[in-house]
Amino acid sequence: MPELPEVETLVRQLRPQLVGRAILSARLSHDNLLSGVTKPTLIKQLKQRVITDVTRRAKHALVHTDTKILAVQPGMTGALILYRKPMSTEEVKYAVLRCELDDGAELVYRDVRRIGTLRWLTPKDWQAYQDGLGPEPLDPEFTAEIFANRLAKSRAAIKKVLMDQRFVVGVGNIYAAEALFAAGIDPSKPANEVEPSRLARLHDEVVRILELSIAAEGTSFRDYVTTTGDKGGFQLELMVYGREGEPCRVCGTRLASTHEIDARSTVFCWRCQS
Ligand SMILES: [Zn+2]
């Protein structure tokens, strides 16, 4: 699943190339990804729009236009890609939304499994939608102190709280597992039983790992590509995620995995994390 760093990477790469561009026409191959808008309305209203900004909120990439906002929530295999030359047959096959731009390029929402969500919202409707989302982990106002105080109120497993989008947005399975390892915290430990100083440390690890991953242009996933078609570069540096049964990079212990915290696999080192 593209997480916050992958979406942030997409946005940073696209913004300078898209701001000021006009959309000449749009095409949509599958309308089951639409939420709150019909295919004819979206296609008609995208036409002649001028792109004014490209931003991120949680795991949504937002293409702001002179009227509405196209909010793209990439699915597991979703990405926004800017094609400057004609697409291959395979690229066309996975192109869900295609926007022809006035500089000859084509802005494409590509999704192999077609499980992302596309919304077309007025700024007011977007505001109402995003008010329901939790705080941004990289927002300087979401300090270690606020983070720790809020975490300390929960009796749930700390990994579960960390991944709860109402607590903080954009921290999925990979970054939760990596940050908990870096902070030396057992992912299954109730949040209110972790010492405040270690909760503050966890905040700093979340920020450090997300920023590191953004700098490396996102983690490399199956079917995930950046806007230039490259694989992300962070995967080699993962400490625990996806490494069940392999030796801990710190102490050499075989990394364990549990499915008991949530429905997903959580890999951890029982020696380094307590
Ligand atoms: Zn270890």
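The following refers to the structure shown. Everything numeric in this text was worked out from a predicted model, so none of it was measured.

**Observations concerning the overall build of the chain**
Next up, step 1: Regarding its fold elements, the chain presents eight helices and eleven strands.
Next up, step 2: Computed over its C-alpha atoms, the radius of gyration of the chain comes to 20 Å, within 12% of the 19 Å expected for a compact globule of 274 residues.
Next up, step 3: Here the C-alpha coordinates of the chain stretch approximately 55 × 40 × 30 Å along the principal axes.
Next up, step 4: If you take every contact in the chain between residues at least 6 apart in sequence, the share linking residues at least 24 apart comes to 65%.
Next up, step 5: As displayed, the chain has an accessible area near 12,700 Å², and 50% of this comes from carbon and sulfur atoms.

**Some remarks on the coordination of the zinc ion**
Next up, step 1: Protein coordination at the zinc ion: the donors are Cys248 (SG), Cys251 (SG), Cys269 (SG) and Cys272 (SG), at 2.3 to 2.4 Å from the metal.
Next up, step 2: Each of the four donor atoms bound to the zinc ion contributes to angles spanning 100 to 115°, and the resulting shape is tetrahedral.

**Brief notes about the sheet that holds strand β2 (residues 34-35)**
Next up, step 1: Ordered by their spatial adjacency, five strands build an open sheet running β2-β9-β5-β4-β3, and the pairing between neighbours is mixed. Both edges of this open sheet fall to β2 and β3 (51-57), since each of them pairs with a single strand only.
Next up, step 2: Taken together, the five bridges between strand β5 (residues 69-73) and strand β9 (residues 117-121) define a ladder with antiparallel strand orientation. The residue bridging Val72 from the neighbouring strand is Leu118, located in β9.

Rules and cut-offs
- Residues numbered from 1 in each chain as written.
- Predicted model: local features only at pLDDT ≥ 70, side-chain atom pairs only at ≥ 80, totals over all residues.
- Heavy atoms only, no water.
- Helix = DSSP H or I, 4+ residues; strand = E, 2+ residues; numbered from the N terminus.
- Rg over C-alpha atoms; globule rule 2.2 N^0.38 Å.
- Contact = heavy atoms within 4.5 Å.
- Areas by Shrake-Rupley, 256 points an atom, 1.4 Å probe, with all protein chains shown as cover.
- Donors = N, O, S within 2.8 Å, 3.2 Å for Na, K, Ca; no water.
- Tetrahedral: all angles 85-135°; square planar, octahedral: opposite > 155°, others 65-115°.
- Pairing = 2+ DSSP bridges.

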